[in-house]
Amino acid sequence: MNSTDLIAIVVLGALFWIYRNLDSIKEFINDQFYDNDPALGVNSNGTRDLVEVLRDNDKNYLVLYGSQTGTAEDYAKKFGKELTARFQLRVMVADLEHYDFDTLNELPDNIPVTFVISTYGEGDFPDGSVNFEQYLNELDAEMLDNLRFSIFGLGNTTYEFFNGAARKALDKLQNAGARLIGALGEGDDGAGTTDEDYLTWKEETIELLQTELDLSEDEDKQFESSFGYTELTTIENNTSLGEPSKQYLPNATLQYNSEGEQRGPFDLAQPYIAPIIKTKELFQSKDRNCIHTEFDISGSEITYQTGDHLAIWPSNPDEAVSQFLRVFELNPETIFDLKAKDSTMKLPFLCPTTVGAVVRHYLEITGPISRQTLGLLVSYAPESIKDHIITLSKDKSLFASEILASKFNLADALLSLNNGQTWSGVPWLLLIEMLPKLSPRYYSISSSSLSEPNTIHATSIVENTPNDTTGINTIGVTTNLLRNIQLVKTQGDLTSLPVHYDLEGPRGLFANGQLPIHVRHSTFRLPKDNSIPVIMIGPGTGVAPFRGFVRERFAEIKRDGSDSLEKMGKMVLFYGSRDNDDYLYRDEWVEYSKTLEDKFEIDVALSRVQEQKIYVQHRLAERKEEISQLLQKGAYVYVCGDAKRMAKDVQHAIANILSETKGLTESEAQEVVKAMKVAGKYQEDIW
Ligand code: FAD
């Protein structure tokens, strides 16, 4: 690499930094003007001063979280709950987004803070924590010499910057003189060990906190809810039947702008209920499904850019809902209201509501069960199996072999452990507080905002695996919902489906195939200058954003005329599927080629049609000279799809190409790829 290349990389890096942060800055400003947290005004009386809120609410422990999808929030709440239950600490659990930190060094009585922070993208802080990151960046030595803290990060080792946000926070806090209690805990979603990582960190940290704060434990203390509970007799206009946000309750009025569009912002606090105007099966094969879905966003204020993510808000299937209600002997018709016992607690969902609505729309009931959850249920275990439940909740490997390996969800596990008999007496409020919130799932948008500004397309592989132990398929909540809708809309046969849904939704809100959605902005973007060549690598549903990219260039040529094709850079798409039956959008690529001519090429690796498996990285290696020349011309590389294996294999393949064609050592080639990443010339959208 010569010095001109290096300068180009540095300049591009700086530009890319500004470009990326512009989005965050915009979102930050947006957040300041559109505060979506209904609880914020109530809880903090509008102030962003941490010390004031702690004092006003008489709290003596602080847990702060930065969450992108809700997981860090769930762990923060779990941690806070446990400190309260075991040591009667008065814990305030708060979102970093809602506070300023100027008074962090002046916490009353030097109370410790626990940070729970997830990492997103390339080692980034969650969107809502930009203000915290800015605060950290401005810290000087000794500015936090009074602060005691512990910290747990949620990350994924398949990404380059594992737990980047939590590690950065640790570093900055320590450099400013804050004292760490215990060690940094690092949850690894890539290895699937987040829960066990949390438990290990939590046990060590709580032991140290016991000494540090001289805490004594009340072993006999029964579960005490943070919420007051009242049963009601009638469903009123303010009773939630599972509406995704309060704007959709009958007593609310939806807001419209002067163009008559429904007002946003649409985000994690409030989705848009989008009609599905087209849906189709993309696979030919009988045993696997991949659904193409088109959401209509006209009439909303939603805009998106090619390469963004779509969040789809699911609900739970009938089968899982009734199994859950059965195991805990719950009556779905029960109407109830919750009131937070103190003003720093946020209600977990819209209230008043019904038990049935909560189980169907607000709680994550189908995913893998955690060892801690089982531990929380020990007191309510039937006597005959109590000892076994205690052992399971303490023995990590037994729990892994008996519960996790069977892919049980909570209800399956409890029924299996109790020989098919129910668990009566588990407090409903405990279930509400211990189970995670049902959260939206993200999809790389497969349409182009230029070509279809009024619709958003998603390409989703249906998660449905037969389970020999339970006899019930292990299913993905959202993707099976999309498949149900696809079959209803195309008048297909639903009887053989593993799960079924209430497609009408609360008060008919989702009738005729509508679902709540919002858009999350990403940094996965085509170069602004369309003369720059691009290399796209996206096997399976990883092809989704590249369909959007190609449609974007296709629309540009349609708009600007075929003369503009000459200056357009080449687009090469490396796509992979098992065989021809799951070759996604096969006919469309042919159409794009007709217009884009030799400026678009798709190279397909069908992994299972020959004896030896062939993947995208093999195709890249076969064409190393061409790839090298494209890189020489400044090509951008894009990778989308599986983070665990594919993204790493592809990165190796690109580094190998650089090494072999440019005479670099392996580590020099890896450094070049890293520099490309920093400069935004090697972008990943992986999960
Ligand atoms: P979930 O209900 O979330 O289940 C997740 C997995 O856990 C499934 O495989 C399910 O079978 C399994 N499971 C369920 N219950 C259990 C249990 N008890 N024990 C063990 N395992 C269990 N996907 C795409 O198809 N296309 C895309 O374009 C796409 N883009 C993405 C972009 C981003 C930025 C991210 C983060 C993810 C993307 N994904 C994409 C993945 C997608 O978000 C979902 O994770 C996926 O569709 C599964 O969602 P689900 O609700 O159907 O499954």
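Residues numbered from 1 in each chain as written. Predicted model: local features only at pLDDT ≥ 70, side-chain atom pairs only at ≥ 80, totals over all residues. Heavy atoms only, no water.

Draft legend 1. Highlighting the overall build of the protein. Looking only at helices and strands, the protein features 21 helices and 22 strands. Taking 26 Å as the expected radius of gyration for a compact globule of 687 residues, we find that the protein reaches 26 Å, a close match to that expectation. Seen along its three principal axes, the alpha-carbon backbone of the protein occupies a region of about 75 × 65 × 60 Å. Residues classed as buried in the protein amount to 55% of the 687 residues present. (Helix = DSSP H or I, 4+ residues; strand = E, 2+ residues; numbered from the N terminus. Rg over C-alpha atoms; globule rule 2.2 N^0.38 Å. Buried < 20%, exposed > 50% of the residue type's maximum accessible area, 1.4 Å probe, protein only.)

Draft legend 2. Representation of the layout of surface pockets. Looking at the second largest pocket, its volume works out to about 1,100 Å³. Secondary-structure elements contributing two or more residues to the lining of the second largest pocket are helix 4 (71-87), helix 7 (194-213), helix 10 (371-376), helix 11 (383-394) and helix 14 (428-434). Classifying every residue of the lining of the second largest pocket by side-chain character gives 10 nonpolar, 5 polar and 16 charged. Residues lining the lining of the second largest pocket come from more than one domain, with at least three contributed by each of domain 2 (35-213) and domain 4 (318-434). (1 Å grid on protein atoms, 1.4 Å probe; cavity = no way out; pocket = protein on both sides within 12 Å on 5 of 7 lines; lining within 4 Å. Points joined across faces, edges and corners; volume = space filled by probe spheres on them. Nonpolar A, V, L, I, M, F, W, Y, C, P; charged D, E, K, R; others polar. Domains from an automatic or database assignment.)

Draft legend 3. The arrangement of helix 11 in detail. An ideal rise of 1.5 Å per residue puts 16 Å on 12 residues; helix 11 measures up with 18 Å between its terminal C-alpha atoms. Buried residues of helix 11: Ile 385, Lys 386, Ile 389, Leu 392 and Ser 393, and no others. All buried residues of helix 11 project into a common sector of 135° when viewed along the axis, lining one side. Within helix 11, the exposed residues directed more than 90 degrees away from the buried face are Asp 387 and Lys 394. Tucked into the core, helix 11 has its buried residues touching helix 10, helix 12 (396-404) and helix 13 (410-417). (Expected span 1.5 Å × (residues − 1). Arc of directions from axis to C-beta. Contact = heavy atoms within 4.5 Å.)

Draft legend 4. Structural detail: the site of the ligand. Around the ligand sit 25 residues, and of these Tyr 442, Tyr 443, Thr 459, Thr 478 and Thr 479 come closest. Here Val 477 contributes a backbone N or O atom positioned 2.9 Å from an oxygen atom of the ligand. Considering the ligand on its own, with 980 Å² of exposed area, one finds that the protein chains cover 80% of that surface. For the shell around the ligand, the secondary structure elements donating two or more residues are strand 13 (441-444), strand 14 (455-461), strand 16 (474-475) and helix 15 (477-489). No other element matches strand 13, which puts 4 residues into the shell around the ligand. Grouping the constituent residues of the shell around the ligand by class yields 9 nonpolar, 12 polar and 4 charged. If you count residues domain by domain, the shell around the ligand takes at least three from each of domain 3 (266-314 + 440-520) and domain 4 (318-434). (Near = heavy atom within 4 Å. Polar contact = N/O pair within 3.5 Å; in protein donor to acceptor, adjacent residues only side chain to side chain. Areas by Shrake-Rupley, 256 points an atom, 1.4 Å probe, with all protein chains shown as cover.)

Draft legend 5. Quick look at the packing of aromatic side chains. On inspection of all chains with the given rule, the structure shows 29 aromatic pairs. One residue, Arg 520, lies across the ring of Tyr 442, its end atom 3.7 Å from the ring centre. One Lys or Arg, Arg 547, reaches over the ring of Tyr 585 and ends 4.5 Å from the middle of that ring. (Phe/Tyr/Trp six-rings, centres within 6.5 Å; stacked < 30°, edge-to-face > 60°. Lys NZ or Arg CZ within 6 Å of the ring centre and 35° of its normal.)

Draft legend 6. Just the environment of Ile 537, in detail. Mapped onto the fold, Ile 537 is located in strand 18 (residues 534-537). Distance in space between the C-alpha atoms of Ile 537 and Asp 218 is 56 Å, their sequence separation being 319 residues. Residues within four places of Ile 537 in sequence aside, it is in contact with Phe 546, Phe 574, Val 616, Leu 620, Val 637, Tyr 638, Val 639, Cys 640, Val 650 and Ile 654.

Draft legend 7. Seen up close, the UniProt feature "binding site: FAD" (unreviewed entry) in the protein. Per the UniProt entry, the sites bearing "binding site: FAD" (unreviewed entry) are Arg 441, Tyr 442, Tyr 443, Ser 444, Thr 459, Ser 460, Ile 461, Gly 476, Val 477, Thr 478, Thr 479 and Trp 687 in this numbering. Note on placement: Tyr 442 falls in strand 13. Overall, the relative accessible area of 21% leaves Tyr 442 in the partly exposed class. With sequence-adjacent residues up to four places away left out, Tyr 442 is seen in contact with Gln 68, Thr 69, Leu 268, His 309, Leu 310, Ala 311, His 518 and Arg 520. (UniProt positions renumbered as here; feature names shortened; annotations may be inferred.)

Draft legend 8. Representation of the pattern of salt bridges. A full pass over the atoms with the stated rule returns 37 salt bridges. For Arg 148, the salt bridge identified is with Glu 212, shortest N-O distance 3.3 Å. Taken together, the residues span a long stretch of sequence, with Arg 148 in strand 4 (residues 148-155) and Glu 212 in helix 7 at a distance of 64 residues. Owing to a relative accessible area of 27%, Glu 212 belongs among the partly exposed residues under this scheme. With a shortest N-O distance of 2.8 Å, Asp 603 and Arg 623 are connected by a salt bridge. Taken together, the positions of Asp 603 in strand 20 (residues 600-606) and Arg 623 in the loop between helix 18 (616-622) and helix 19 (624-632) put the pair 20 residues apart, joining distant regions of the chain. Accessibility expressed as a relative area gives 13% for Arg 623, which makes it buried. A network of salt bridges, in which partner residues are shared, links Lys 570, Glu 601, Asp 603, Arg 619, Glu 622, Arg 623 and Glu 626. (Salt bridge = Lys/Arg side-chain N within 4 Å of Asp/Glu carboxyl O.)

Draft legend 9. Local environment of the confidence of the model for the protein. Of the residues in the protein, 93% have a pLDDT of 70 or more, and the chain-wide mean is 91. For the stretch residues 14-43, pLDDT sits under 50, and the model shows 42 contacts to residues farther than four places along the chain or on other chains. (pLDDT = per-residue confidence, 0-100.)

Draft legend 10. How the structure looks around the sheet that holds strand 19 (residues 571-577). Read across the open sheet, the 5 strands follow the order 20-19-18-21-22; overall the sheet is parallel. At either margin of the open sheet sits one strand with a lone partner, and together these are strand 20 and strand 22 (682-686). Neighbouring strand axes in the sheet, compared pairwise and without regard to direction, differ in orientation by 15° on average. One ladder, built from 7 bridges, connects strand 19 with strand 20; its direction is parallel. For Gly 576, the partnering residue across the bridge sits in strand 20 and is Ala 605. Where helix 16 (residues 544-560) meets the sheet, its contacts fall on strand 18, strand 19, strand 20, strand 21 (636-641) and strand 22, and the angle it forms with strand 21 comes to roughly 140°. Helix 17 (residues 586-596) rests against strand 19 and strand 20 of the sheet, and its axis sits at about 150° to strand 20. (Pairing = 2+ DSSP bridges. Axes fitted to C-alpha atoms, helices over the stretch in contact; angles between N-to-C directions.)

Draft legend 11. Region of the structure containing the nonpolar core. Among the nonpolar cores identified, the biggest contains 45 residues, and Phe 324, Phe 328, Leu 410, Trp 423 and Trp 428 are the most heavily contacted of them. Every element with two or more residues in this core is listed here: helix 8 (318-327), strand 11 (335-340), helix 9 (355-362), helix 11, helix 12, helix 13 and helix 14. Core analysis: the second largest hydrophobic core is formed by 34 residues, Leu 62, Leu 64, Leu 104 and Phe 125 among them. (Core = buried A, V, L, I, M, F, W, Y, C linked by side-chain atoms within 4.5 Å.)

Draft legend 12. Structural detail: the packing of helix 8 against helix 13. Following both chains from N to C, one finds helix 8 and helix 13 inclined at 45°, their axes separated by 9 Å at the closest point. Relative to helix 13, helix 8 is oriented oblique. Considering the relative orientation of helix 8 and helix 13, their crossing is left-handed. Contact with helix 8, carried on its side by Gln 323, Phe 324, Arg 326 and Val 327, involves Leu 410, Ala 411, Asp 412, Leu 414 and Leu 415 of helix 13 and no other residues of that element. In terms of residue class, the contact of helix 8 with helix 13 is built from 6 nonpolar, 1 polar and 2 charged. (Parallel < 35°, antiparallel > 145°, perpendicular 65-115°, else oblique. Left-handed = near helix turned anticlockwise from the far one by under 90°.)

Draft legend 13. Examining unusual backbone geometry more closely. Look at the link from Gly 264 to Pro 265: it is a cis peptide, with omega at 0°. By secondary structure assignment, the location of Pro 265 is in the loop between strand 7 (227-232) and strand 8 (272-281). A cis geometry characterises the amide bond from Cys 351 onward to Pro 352, with omega recorded as 0°. Tracing the backbone shows Pro 352 in the loop between strand 11 and strand 12 (353-354).

Draft legend 14. Expanded view of the sheet that holds strand 12. Strand order across the open sheet formed by 3 strands is 7-11-12, with antiparallel pairing between neighbours. Single-partner strands in this sheet number two, and they are strand 7 and strand 12.

Draft legend 15. Up close: the packing of helix 11 against helix 12. Between helix 11 and helix 12, the least distance of the axes is 5 Å, while the angle of their chain directions is 110°. Regarding the angle of helix 11 to helix 12, the classification is roughly perpendicular. Contacts between helix 11 and helix 12 involve His 388, Thr 391, Leu 392 and Lys 394 on the former and, on the latter, Lys 396, Leu 398, Phe 399, Glu 402 and Ile 403. Counted by class, the contact of helix 11 with helix 12 contains 4 nonpolar, 2 polar and 3 charged residues.

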